[in-house]
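Spelled out from the first residue to the last, the chains are:
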Amino acid sequence: MKIRKLASASQAFNYPLLIKSILAYSTKIEPEREIVYRDLIRYNYFTLTKRVNKLANVLESLEIDGAQTIAVLDYDSHRYLECFFAIPMTGNVLHTINWRLSAAQILYTINHAEDTLIICHADFLPLLESMAQEMTTVKGIIVCTDEPSYKSNNTLTVYGEYESLLAKVSDEFDFPDFDENAVATTFYTTGTTGNPKGVYFTHRQLVLHTLSICFTFSTIDGACRFNNSDVYMPLTPMFHVHAWGFPYVATLSGAKQVYIGKFEPESVLKFFMKEQPTFSHCVPTILQMFVSHPATQNIDLSKWKVVIGGSALPKPLAKAALLRGVDVITGYGMSETCPIVSTVYVSPEEQQNLDIDFQVEARTRTGTPSAFVDIRLVDEQGNTIAHNGEDVGEITLRTPWLTQGYFKEADKSEDLWRDGWLHTGDVASMNKDNSLKICDRIKDVIKSGGEWVSSIELENMIGLHEAVQEVAVVSIPDAKWGERPHALIVTKDGKAISKESLHAHMKQFVDAGKITPWTVPASVNFTLVIPKTSVGKIDKKAIRASIDTV
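Owing to the predicted nature of the structure, the values given are computational and were not obtained by experimental measurement.

Draft legend 1. Summary view of the sheet that holds strand β20 (residues 436–441). Across the sheet, which stays open at both edges, the 4 strands sit in the order β17-β18-β19-β20 with antiparallel pairing between neighbours. Of all the strands in the sheet, just β17 (374–378) and β20 have a single pairing partner and so form its edges. Neighbouring strand axes in the sheet, compared pairwise and without regard to direction, differ in orientation by 50° on average. Of the pairings in the sheet, the one linking strand β19 (residues 422–430) to β20 comprises 5 bridges and is antiparallel in character. Residue pairing for β20: Asp-426 is matched across the bridge by Arg-441.

Okay, here's the thing in structure tokens:
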């Protein structure tokens, strides 16, 4: 194919897509809007810029002058937001540590990422001190604290306390231009086996991802829109895939941002009532807390917009949220995708449909691909699956912001990107309107009687029982059918449910032809808590391991 390229003027500037441009625009539109941290800190975008400059000067004073990895081990805070900018803007790499991992996994990620410096909340100092002799690349620590002082056993080199260090340096810094393909961030995704895998993203990828989210949530007229008049309060940890990219979006648009610190239900509800957020994102378990917690029953949720990700949004939870007035939709992505690649699109006309079941069905799909996202469904032989809403295949992706591999994991990188498409491991169907519906993870699909059975669909059906609060479905071996579903159920307070009652409930779906008789769970256990992973997803690996199938 022939193309034409023309010579540029000798002094034409090739504008790099760098994170610093996101921060620079924050003072152009609504610079007086606030960044709020708990009930402790409140400042505007002018101050945010000055504090980012100060942190850059602190890093320079420590001779951290680019191409080094700086880890953050903190709760959601204004400090974390400052690190989202200052660290990559100085040419360094931001490593967001998942503090919910085991100590051994955290140590592995620190060493594997080759962290030079860790900016650490005082709560996590004992953890780092316990592994001080095993951290192979860390030269020192900056401590973050909300208290007047902190305790250290002197096993670590502590450069000082975050606020004290910022107070000693200038609030001016000239961030240089550099290659937009420079790595900006890294973090680790946990699988079912082996060590966590490091993904990484460049400045260019993060800027393009930010612009795509802006387009999806503001330009397109639909449900759950976001603009700079919203009050943004993330309920997803900032260590988890850049808090889904929304802190960059909120900063670019100059929206008010509220950070809750350590997640404690009572304090979160207090901040919710005080700051009145209008836009959040979280996993289903957090939304469940807001919808069902006794303390929220008198709180008006009708101005709250919520994007659900991390796990499928159960239809019963979606219905409960909608009945409380929550404008809820689902989004889809993973650690490897930066993360957002699709969100539910509910058109203005569809929003006028007052039938609650219609809204539940529309809002619990996986969504329509975002701008600049190519999605292809493939079968086990790599053949493309038709978009007819019924046939299912693995989701494979191409976008400008997908991780290009796993850090220091060449073989796994090649497997991730086989055939030139990123393989997600998620099984889905897509209808003629380009709306995606995830059926399951490949590893969680139940293969019973020669058919693939979606554990997510079974969870939705079981969750419609009036006594069910939460449910997880996994496969167990079966001599006749190969595999059969097993359900783990949390019941609502004060309500009981028998296995016979559950089978009677499921019979309606068998009679309607939605499932076959052998896909009704063969066994059921009841529990007070369903195991969750470090990022709040249902831990089906742990559930399967706990079942005695002998």
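Draft legend 2. Examining the side chain of Thr-216 more closely. Looking at the secondary structure, you find Thr-216 in helix α7 (residues 203–219). For Thr-216, a relative accessible area of 7% translates into the label buried. Leaving out residues up to four positions away in the same chain, Thr-216 has contacts with Arg-225, Thr-343, Ser-370 and Ala-371.

Draft legend 3. Structural context of the packing of α7 against helix α8 (residues 246–253). Relative to each other, α7 and α8 sit at 75°, their axes nearing to 9 Å. As judged from the angle between their axes, α7 and α8 are roughly perpendicular. Taking contact as the criterion, the partners of Leu-206, Thr-210, Leu-211, Ile-213, Cys-214 and Phe-217 in α7 are, on α8, Phe-246, Tyr-248, Val-249 and Leu-252.

Draft legend 4. Unusual backbone geometry, seen in detail. For the peptide bond that leads from Cys-338 to Pro-339, omega is 15°, which places it in the cis range. Summarising the element assignment, Pro-339 is placed in the loop between β14 (327–333) and β15 (340–343). Located in the positive-phi region is Val-241, a residue other than glycine, with phi close to 50°. Checked against the element boundaries, Val-241 lands in the loop between β10 (231–232) and α8.

Draft legend 5. Highlighting the environment of Val-326. Take Val-326: it is sitting in the loop between α11 (315–323) and β14. Apart from the residues lying within four places of it in its own chain, the contact partners of Val-326 are Leu-301, Trp-304, Val-306 and Ala-321.

Draft legend 6. Inspection of the packing of aromatic side chains at higher detail. As enumerated under the stated definition, the model contains 20 aromatic pairs in all. With centroids separated by 5.8 Å and ring planes inclined at 85°, the aromatic side chains of Tyr-80 and Phe-84 adopt a geometry described as edge-to-face. Of this pair, Tyr-80 and Phe-84 are both found in helix α3 (residues 78–89), 4 residues apart, which corresponds to roughly one turn of the helix. A single burial state applies to Tyr-80 and to Phe-84, both of which are buried. Ring plane angle 80° and centroid distance 5.3 Å describe the contact between Phe-217 and Phe-246, whose orientation is recorded as edge-to-face.

Draft legend 7. The sheet that holds strand β3 (residues 69–73), seen in detail. Read from one edge to the other, the open sheet built from 7 strands follows the order β7-β6-β5-β3-β4-β8-β9, with strand pairing classed as mixed. For this open sheet the edge positions go to β7 (158–161) and β9 (197–202), each flanked by a neighbour on one side alone. The sheet shows a mean angle of 20° between the axes of neighbouring strands, direction not considered. Sheet strands touched by helix α4 (residues 103–113): β3, β4 (93–96), β5 (115–121) and β8 (183–189). Its angle to β5, the strand with the most contacts, is close to 140°.

Draft legend 8. Region of interest: the pairing of β9. A large share of β9 lies buried, amounting to 5 of its 6 residues. Across 6 bridges, β8 lies against β9 in antiparallel orientation. The partner of Val-183 across the bridge, within β9, is Thr-202.

Criteria and cut-off values
- Residues numbered from 1 in each chain as written.
- Predicted model: local features only at pLDDT ≥ 70, side-chain atom pairs only at ≥ 80, totals over all residues.
- Heavy atoms only, no water.
- Pairing = 2+ DSSP bridges.
- Helix = DSSP H or I, 4+ residues; strand = E, 2+ residues; numbered from the N terminus.
- Axes fitted to C-alpha atoms, helices over the stretch in contact; angles between N-to-C directions.
- Buried < 20%, exposed > 50% of the residue type's maximum accessible area, 1.4 Å probe, protein only.
- Contact = heavy atoms within 4.5 Å.
- Parallel < 35°, antiparallel > 145°, perpendicular 65-115°, else oblique.
- Phe/Tyr/Trp six-rings, centres within 6.5 Å; stacked < 30°, edge-to-face > 60°.

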